[in-house]
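Here are the chains, one letter per residue:
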Amino acid sequence: MNDTIIAISTPPGYGGLGIVRLSGRKSLSISKRIFRPRRKCWRDISARTSILGDIFDSEKKEFIDEAFLAYFPAPRSYTRENVVEISCHGSPVILEEVVRLGIRAGARPAHPGEFTLRAYLGGRMDIIQAEAVNDLITAASLHQAKISLGQLRGGLSRRIELLRSQVVDLISLLEASIEFPEEGLGIPPGEAASRLEKILQAINALIASYETGRAMTEGLNLAIVGRANVGKSTLFNALLDHERAIVSPYPGTTRDYLRERIKIKGSFFHLIDMAGLERPSHPVEKDGIRRSRELASRADGILFVLDASRNESQADLGLIEKFKKKRMILVFNKADLPGRIDRSKCRAVIPTSRSIGVSALKGTNIARLKNAIWETFSAGESIHEDVILHMRQKTLFEQVSFALEDGLKRLREGHPEEICAEEVRRALPFIGQLTGEIRVDEVMTNIFSRFCVGK
Ligand SMILES: Nc1nc2c(ncn2[C@@H]2O[C@H](COP(=O)(O)OP(=O)(O)OP(=O)(O)O)[C@@H](O)[C@H]2O)c(=O)[nH]1
Ligand SMILES: [Mg+2]
């Protein structure tokens, strides 16, 4: 923390501009050895305004580039230390030379994410906000960027703070019931239970939002399931918008599976086209079918395809039944042909699922299906800032939830307040780890190593 660090903060490659950043006590004095102001002298430099000058190699007595320099004195800077930003031309050769000169003048190369690490250690942001910085930079869509910006501004942190104060309040009320039972300072078990339930509801909603978060960052796996020849590969191609999979009138066309990514309104989905789940008529098919079953059972969701131009069979209904526990959309394909399937009979097997009629061949209703996919498997538009984007956060929220659930259980079983308070108290360290108030070094290293150098 005592070192002054330096790094190129713009992406590698050629660009109109390139920025070298320094942070630490000696940022300005190091800058003075490599930068010469044109008109103003150093004395006149005012905080957060740019001055024009030249990068100068004092050993070789050569100019390297023309540049602007801005000074952000502590604590009103990104890291809360003295920060200097030097905007040069966006040439990798120049930028690397500026860094080299800076190192020669006493700075040290920054590690990945070290500027943000310092912002966190300096108390400028908590760890949720630090994670959001990187999420914002790497956002896959404007929608995710908005969520990350909300978290960067402390939206999620405030919710966690509220959660902590609710938990702490509850613990003190439970403990007051133990110490001052006569004086009415405590809380009746019924009210404690209903408070816990409310807190749990909020936490569980956050945990559930991780699915949406994962859809935004990594993408969810959706298996296209159905019997042979119902049009799975045709649908796969229609959703991808190009002829990726082989389609033919003969059942058993697809044997190996195919996996391709699509993006719907900022969320990613990996579509998996696979062999039809049918009795195999060829030894190779047998293996394909075994793999299909495995993939379908591991998928995050299922597009179940039926041929609407034929009567539903027992095999169709049996298959839907088999994957009933999964989130699913029933797709009645071949809607361009006269319909023979009894849709309500199929829907009755899995009444909570959405269903939609499409023609994969003609492209009818594919846009509506995409929207249904987005609404069913990603949480759709209802979400704003409170989406969990990281497994780390989800796991900690789960630990908090377990502790509170145990507390609730004890309350309901009529255990003394003491025991309940003890269970609820177990949630606190996990809440502390969420915001980074309780620091686990390994976790910190993991978080900041995902950053680029210069951020
Ligand atoms: N009329 C009509 N025919 C379709 C439609 N979708 C697919 N087909 C036809 O149905 C036949 C089978 O299509 P595929 O996409 O290969 O079916 P599949 O489910 O992938 O079949 P397997 O890989 O063998 O399990 C082809 O002749 C397609 O042209 C549709 O919406 N309407
Ligand atoms: Mg196929």
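Owing to the predicted nature of the structure, the values given are computational and were not obtained by experimental measurement.

Overall, mixed pairing links the seven strands, which are arranged 3-4-5-6-2-1-7 in an open sheet. The sheet terminates laterally at strand 3 (35-37) and strand 7 (108-109), the two strands that pair on one side only. Where strand 1 (residues 5-8) and strand 2 (residues 15-23) come together, four bridges link them in antiparallel fashion. Within strand 2, the position partnered with Ala7 by the bridge is Arg21. Here helix 2 (residues 92-104) sits on the sheet and contacts strand 1, strand 2, strand 4 (50-57), strand 5 (62-72), strand 6 (83-90) and strand 7; the angle it forms with strand 1, its principal contact strand, is near 175 degrees.

Before going further, it helps to spend a moment on the packing of aromatic side chains. A full pass over the atoms with the stated rule returns four aromatic pairs. Their ring planes at 65 degrees and their centres at 5.9 Å tell us that Phe35 and Trp42 sit as a pair that is edge-to-face. Among the residues examined, Trp42 registers a relative accessible area of 18% and is labelled buried. An aromatic cluster of at least three residues, connected via ring pairs, comprises Tyr120, Phe448 and Phe451. Here Arg21 stacks its cationic end above the ring of Phe115, 4.5 Å away from the centre of that ring. It is Arg261 that lies over the ring of Phe268; its NZ or CZ is 3.9 Å from the centre.

The environment of ligand 1 is formed by 23 residues, the closest being Lys232, Thr234, Gly252, Thr254 and Asp336. Interatomic distance of 2.8 Å between a side-chain N/O atom of Asp336 and a nitrogen atom of ligand 1. A distance of 3.2 Å separates an oxygen atom of ligand 1 from a polar side-chain atom of Ser359. It is helix 8 (residues 232-240) that provides the largest number of residues to the shell around ligand 1, a total of three residues. The residue makeup of the shell around ligand 1, split by class, is nine nonpolar, 11 polar and three charged.

This part covers the coordination of the magnesium ion (ligand 2). Only Ser233 (OG) and Thr254 (OG1) from the protein coordinate the magnesium ion (ligand 2), and they sit 2.0 Å from it. With Ser233 in helix 8 and Thr254 in the loop between helix 8 and strand 9 (258-264), this pair connects stretches of sequence that are 21 residues apart. Comparing Ser233 with Thr254, the two get one shared label, buried.

Before going further, it helps to spend a moment on the domain arrangement of the protein. When cut into domains, the protein gives domain 1 (5-110), domain 2 (155-214 + 390-449) and domain 3 (219-382). Each of domain 2 and domain 3 has a C-alpha centre, and the two are 41 Å apart.

The residue His270 is located in strand 10 (residues 267-273) in this model. Judged by its relative accessible area of 12%, His270 falls in the buried class. Discounting residues that sit within four places of it in the chain, His270 has contacts with Glu218, Gly219, Leu220, Asn221, Leu222, Arg259, Glu260 and Arg261.

Reading the values: the criteria
Residues numbered from 1 in each chain as written. Chains lettered and ligands numbered in written order. Predicted model: local features only at pLDDT ≥ 70, side-chain atom pairs only at ≥ 80, totals over all residues. Heavy atoms only, no water. Pairing = 2+ DSSP bridges. Helix = DSSP H or I, 4+ residues; strand = E, 2+ residues; numbered from the N terminus. Contact = heavy atoms within 4.5 Å. Axes fitted to C-alpha atoms, helices over the stretch in contact; angles between N-to-C directions. Phe/Tyr/Trp six-rings, centres within 6.5 Å; stacked < 30°, edge-to-face > 60°. Buried < 20%, exposed > 50% of the residue type's maximum accessible area, 1.4 Å probe, protein only. Lys NZ or Arg CZ within 6 Å of the ring centre and 35° of its normal. Near = heavy atom within 4 Å. Polar contact = N/O pair within 3.5 Å; in protein donor to acceptor, adjacent residues only side chain to side chain. Nonpolar A, V, L, I, M, F, W, Y, C, P; charged D, E, K, R; others polar. Donors = N, O, S within 2.8 Å, 3.2 Å for Na, K, Ca; no water. Domains from an automatic or database assignment.

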